[in-house]
Amino acid sequence: MLPTCSILGGPIEDERVFDTADYEGAIARWCPGCGDHAVLTSMQRLLAAEQLAPEQTVFVSGIGCSSRFPHYMKTYGFHGLHGRALPVATGVKLHRPDLHVFVVMGDGDCTSIGAGHWLHAVRYNADMTALLLDNSIYGLTKNQTSPTTPQGHASNTQPRGSYLPPLDPVQATLGISNASFVAQTAEWIPAHLYATLQAAYHHRGFSFVRVLQRCPVFMPTLFRDAMRTPDAIQMLVHDDGVAVPELQKLYRNRLVHDPRDLDAARRLAAESEGIRLGVFFRDETRAVYDDIRHVPRRTAEERVRLLNEELDAYAI
Amino acid sequence: MIASAPAQTERVAAAYRTVPVPLHTVEIVSDSGEGAQKCAQIFGTVSAKMGNGVWTVEIIPAEIQPPARSPAGGSGNRIRLGTGRVTNWGDDANLIVAFNEQVLLGRHSLGALAADATILLDDSWATHGDPRIREQWSQAMTELATREYRVVPVPIEAECLQVVDNARKGKNMFVLGMLCWLYDRDVERMHAEIHNTFRSKSEQVHATNLALFERGRAWAEANLDVRYPVPAEPAAEPMLVMNGNQAVALGAVAAGFELLAMYPITPATSVSHYLGNIFERFGGVMHQAEDEIAAVGVAIGASWAGRCAFTVTSGPGLALKTEFLGLAVMTETPLVVVDVQRGGPSTGLPTKVEQSDLLAVLFGQPGDAPKIVIAPSTIEECFHAMVTARRLAETLRAVVIVLTDANLATGVQPFPRPQLDVAWQGAPLDLGPVPEGVRPYDWDPRTGLSRRFIPGQPGGMHTLTGLAHDENSKVAYDPIVHQRSSTARSRKLAVLQQMLRPPEVNGEPEGDLLVVGWGSTRGAIEEAVERARAAGHAVSSLHLTFLSPLEPGLVEIFGRFRRVMTVEINYSDDPDPFVPPSHRRLGQLAFLLRAQTLVDVDCWTRVIGEPLRPASILRAIHSRLPDGGAA
């Protein structure tokens with residue numbers, strides 16, 4: 001494993017070997033049964049499998065239960081503002097393309113207060129992995145309706161049931177120009193979760209992964225039927241998508257879906273019945289913002305010389 | 001002033017007087033889109049290059065395409081020319097060139113013209129085919145006749161039509177030629193500057209521009225009976241001439257910034273127009289974000305992951321950035337924000353100057369969010385403020401706000417060419433391992449300073465958080481940590497305060513009245529104070545550059561004057577029987593100074609969408625002097 005650091009000017013010899021414990025930060029304070037735990041474990045496994053140097057890895061989050069994620073990793077982390085993880089991550093990647101950037105958001109974070117940034121981050125297509133940990137409810141602030149709350153579900157803010165049909169984040173993301181990787185997985189199927197995170201990490205560009213999750217306190221029964229009846233879940237399978245051979249026996253409701261087919265992806269995402277997991281869309285050919293905006297760095301001396309030339313245009 | 005019939009083009013040699021003047025103020029106003037601003041920019045630049053002192057102010061309508069021939073829709077510039085240094089836009093225009101009588105009325109009704117101003121006015125409207133226009137013209141003449149103006153009709157349109165088919169596209173170059181003769185400007189420099197301004201245009205356009213310019217010059221020489229050369233004294237040292245936003249952009253390069261994230265907003269945007277064009281050559285990236293919030297978020301993310309980044313904005317954008325500014329303070333992420341102030345609140349006066357954001361930048365965050373605030377007072381200081389700001393932001397892990405304004409942003413002024421220093425660029429990123437035992441917020445209890453860890457540094461892994469946190473950047477479940485960390489963040493300002501020098505008093509160190517200002521009003525305040533002193537009054541002035549922390553020694557300085565007042569471009573109640581003194585709302589600096597010094601600081605402020613005039617300040621000074629200023 002030879003991690004590179006562009007700022008130090010080339011590959012550095014690194015003989016360290018990392019295991020999952022090397023990525024463990026503080027003890028997670030999420031509720032027992034919270035879906036966030038599974039994502040954390042999967043992520044630590046992924047980083048160990050990929051042997052990412054902890055100091056070269058950055059987790060950016062917003063505010064909410066899921067946004068405590070970086071504290072529980074032993075990498076660099078930025079636990080910022082509600083809804084504003086994506087601009088911070090964009091700044092990190094623009095300035096330091098050598099870093100591995102992950103973004104962790106909740107459904108309130110990404111699809112409500114930060115929805116504008118979501119749309120534009122998809123369009124920028126900067127090279128990062130963005131996770132939407134979607135439990136369809138506000139947990140940290142105690143049981144308020146989120147944009148992904150099922151219609152009719154009662155909460156503290158909409159006690160007679162939510163008024164509107166939920167926003168589908170996968171469908172929305174697939175509608176945004178320049179989307180390059182859109183996938184959906186579920187926290188209670190760890191093998192699929194891991195394979196999806198891995199595929200997202202390996203995609204060069206903005207990888208958007210919606211993770212379906214339970215909130216054991218405020219949304220405990222949301223996926224009860226899907227968990228009891230595997231056939232309620234349709235697995236999107238393809239050689240270019242997520243392949244999880246060990247799940248084939250349990251999940252027989254499979255659909256071969258070519259992730260290069262955007263029209264088919266949009267049709268599948270628009271289906272109102274059932275749950276589909278897998279890679280909806282992937283296009284490696286889309287231009288990556290940090291590549292487009294890559295500018296060769298200048299030394300201080302070069303900058304001063306060039307600035308003196310520029311000032312000549314203003315000389316009296 | 002007319003030496004012969006306007007239509008006559010044959011030159012009448014030596015039929016004019018030459019009246020050298022040490023200081024003259026000229027305005028050029030047109031409908032929007034007729035190019036008065038281009039004309040004025042070239043005139044101002046050439047004058048600066050000849051060695052004159054120059055201060056220019058844009059006259060901008062709020063609309064992109066205001067109706068033609070409307071008093072509020074006039075677009076152009078005021079240029080104040082001097083033999084010596086010019087520090088402000090002066091009082092009234094001595095001469096105005098107007099492309100129609102309606103935009104002229106706009107300036108007249110704002111009191112922009114001197115009582116004896118000379119008016120060069122396109123008279124084609126007098127005989128226009130539309131009877132309503134002829135009626136408007138004659139009404140305007142009646143109104144102008146109530147003053148002592150000298151109105152000189154000029155056949156601008158007719159003359160231009162000799163060269164071009166569409167006079168709207170040519171009047172500005174004709175007028176430039178006229179002004180070139182009138183003020184005895186260097187013709188060669190004029191030609192060069194016209195060429196430079198339109199360098200992206202075709203040879204054909206260039207030839208047309210020169211023909212129009214020469215026609216204007218010839219017309220003036222043949223028809224005008226007086227010219228006002230403003231003698232120039234070329235500076236002994238190399239000089240530059242530019243506007244404040246160009247100075248901010250070039251200062252940012254000199255300061256070693258490598259990333260600007262912004263969202264378009266008047267009057268800050270031109271910084272990004274310029275850097276968008278040149279920044280990549282310097283290894284920099286100019287990112288136009290999806291909104292004001294994202295712009296500051298990108299800058300903070302970049303700053304956290306590397307060298308300090310910056311953002312530029314104005315009032316409404318500053319309001320949107322509020323939460324992120326609090327985060328940057330809380331996480332001690334270096335950040336520089338340039339706030340080009342305009343009239344507010346809300347959308348306010350987008351193109352007009354105001355100094356109304358001082359309290360917002362100081363106190364705009366919920367919670368205690370100490371920031372460094374500096375206010376350049378000249379174009380030159382706009383350049384150097386960027387170097388200071390980056391250094392302070394990185395050294396103190398702090399947010400630095402640079403408060404400029406619309407007057408500085410668009411005003412053009414010459415200043416000594418900075419001797420660039422490689423050290424201004426700051427140190428390259430050090431990604432060496434974090435020493436054993438050092439914590440992410442190892443606050444020095446005396447200074448509040450701590451060492452910043454940057455992603456990529458082995459051994460430095462931690463999660464930065466906007467939650468109250470301890471020295472290890474762990475979320476503070478023990479509330480006493482919040483007292484300790486708040487003290488550390490505040491202590492950094494105390495450290496900076498002790499490094500600042502007391503400000504210098506302009507004038508005698510004691511007297512009856514001290515006028516205190518900040519930002520772009522410096523030149524106008526000092527000119528007013530000098531006039532008051534010349535009239536025998538014991539008046540001095542003080543200009544503050546650091547507004548947070550405040551410069552030291554203010555209590556001692558204020559104590560040597562019988563009265564202290566601020567002069568600012570923001571709202572305050574005028575002394576009024578309806579408002580008891582205890583409840584009078586004060587200018588923003590006055591509010592701050594009273595709180596910090598316990599001195600009974602008075603204020604005089606205006607929010608009329610233009611820079612302050614020395615004569616207005618002088619009247620305010622008189623009103624505050626013990627004897628009402630009757631010397």
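As the structure is a computational prediction, the values presented were derived from the model and not from experiment. (Residues numbered from 1 in each chain as written. Chains lettered and ligands numbered in written order. Predicted model: local features only at pLDDT ≥ 70, side-chain atom pairs only at ≥ 80, totals over all residues. Heavy atoms only, no water.)

Visitor: I'd love a proper account of the overall build of chain B, names of residues and values included.
Guide: Tallying secondary structure elements over chain B gives 20 helices and 23 strands in all. Against the 2.2 N^0.38 benchmark of 25 Å for 631 residues, chain B shows a C-alpha radius of gyration of 27 Å, consistent with a compact globule. By principal-axis analysis of the C-alpha atoms, chain B measures approximately 90 × 60 × 50 Å. Each of the 631 residues in chain B was classed as buried or not, and the buried ones make up 61%. (Helix = DSSP H or I, 4+ residues; strand = E, 2+ residues; numbered from the N terminus. Rg over C-alpha atoms; globule rule 2.2 N^0.38 Å. Buried < 20%, exposed > 50% of the residue type's maximum accessible area, 1.4 Å probe, protein only.)

Visitor: Give me the lowdown on the sheet that holds strand β3 (residues 57-61) of chain A, citing residues and values where you can.
Guide: Pairing within the open sheet is mixed, and its 10 strands lie in the order β12(A)-β11(A)-β13(A)-β9(A)-β10(A)-β6(A)-β5(A)-β3(A)-β4(A)-β17(B). Of all the strands in the sheet, the pair left with one neighbour each is β12 (254-256) of chain A together with β17 (463-465) of chain B. The sheet shows a mean angle of 20 degrees between the axes of neighbouring strands, taken without regard to direction. One ladder, built from three bridges, connects strand β4 (residues 76-79) of chain A with β17(B); its direction is parallel. Note on β17(B): the bridge partner recorded for Gly77(A) is Thr463(B). Here helix α6 (residues 190-202) of chain A sits on the sheet and contacts β5 (100-106), β6 (128-134), β9 (181-186), β10 (206-212), β11 (233-237) and β13 (275-282) of chain A; the angle it forms with β9(A), its principal contact strand, is near 165 degrees. (Pairing = 2+ DSSP bridges. Axes fitted to C-alpha atoms, helices over the stretch in contact; angles between N-to-C directions. Contact = heavy atoms within 4.5 Å.)

Visitor: Kindly report on the interface of chain A and chain B, identifying the contributing residues and their values.
Guide: In this assembly, 52 residues from chain A lie in contact with 67 residues from chain B. In total, about 5,500 Å² of surface goes out of reach between chain A and chain B, with carbon and sulfur atoms giving 63% of it. Looking at the side of chain A facing chain B, the largest losses of area belong to Tyr76(A), Arg303(A) and Ile316(A), adding up to 15% of the total buried there. Summed over the shared surface of chain A and chain B, the number is three salt bridges. Measuring nitrogen to oxygen at the nearest pair gives 2.9 Å for the salt bridge that ties Arg281(B) to Glu310(A). Take the side of chain A that touches chain B: its biggest share by element is 10 residues, from helix α10 (residues 300-312) of chain A. Residue classes in the side of chain A that touches chain B are distributed as 26 nonpolar, 13 polar and 13 charged. (Buried area = accessible area lost by both parts, 1.4 Å probe. Salt bridge = Lys/Arg side-chain N within 4 Å of Asp/Glu carboxyl O. Nonpolar A, V, L, I, M, F, W, Y, C, P; charged D, E, K, R; others polar.)

Visitor: I'd like to hear about the pattern of salt bridges, residue by residue, with values.
Guide: Residues and elements named next belong to chain A. A complete count under the given rule lists 44 salt bridges over all chains for this structure. Across the pair Arg 305 and Glu 309 runs a salt bridge whose closest N-O atoms are separated by 3.4 Å. Taken together, the residues Arg 305 and Glu 309, both in helix α10 and four residues apart, mark about one turn of the helix. According to the relative accessible area criterion, Arg 305 is partly exposed, its value standing at 45%. With a relative accessible area of 43%, Glu 309 lands in the partly exposed category.

Visitor: Go over the packing of α10(A) against helix α8 (residues 244-254) of chain B, please, and point to the residues and values.
Guide: The interhelical angle for the contact between α10(A) and α8(B), taken along N-to-C directions, is 160 degrees, at an axis separation of 10 Å. It follows from the interaxial angle that α10(A) and α8(B) lie roughly antiparallel. When you trace α10(A) past α8(B), the crossing you get is left-handed. Two secondary-structure elements touch here, α10(A) through Arg303(A), Leu307(A), Glu310(A) and Leu311(A) and α8(B) through Leu250(B), Val253(B) and Ala254(B). Of the residues in the contact of α10(A) with α8(B), the class split is five nonpolar, no polar and two charged. (Parallel < 35°, antiparallel > 145°, perpendicular 65-115°, else oblique. Left-handed = near helix turned anticlockwise from the far one by under 90°.)

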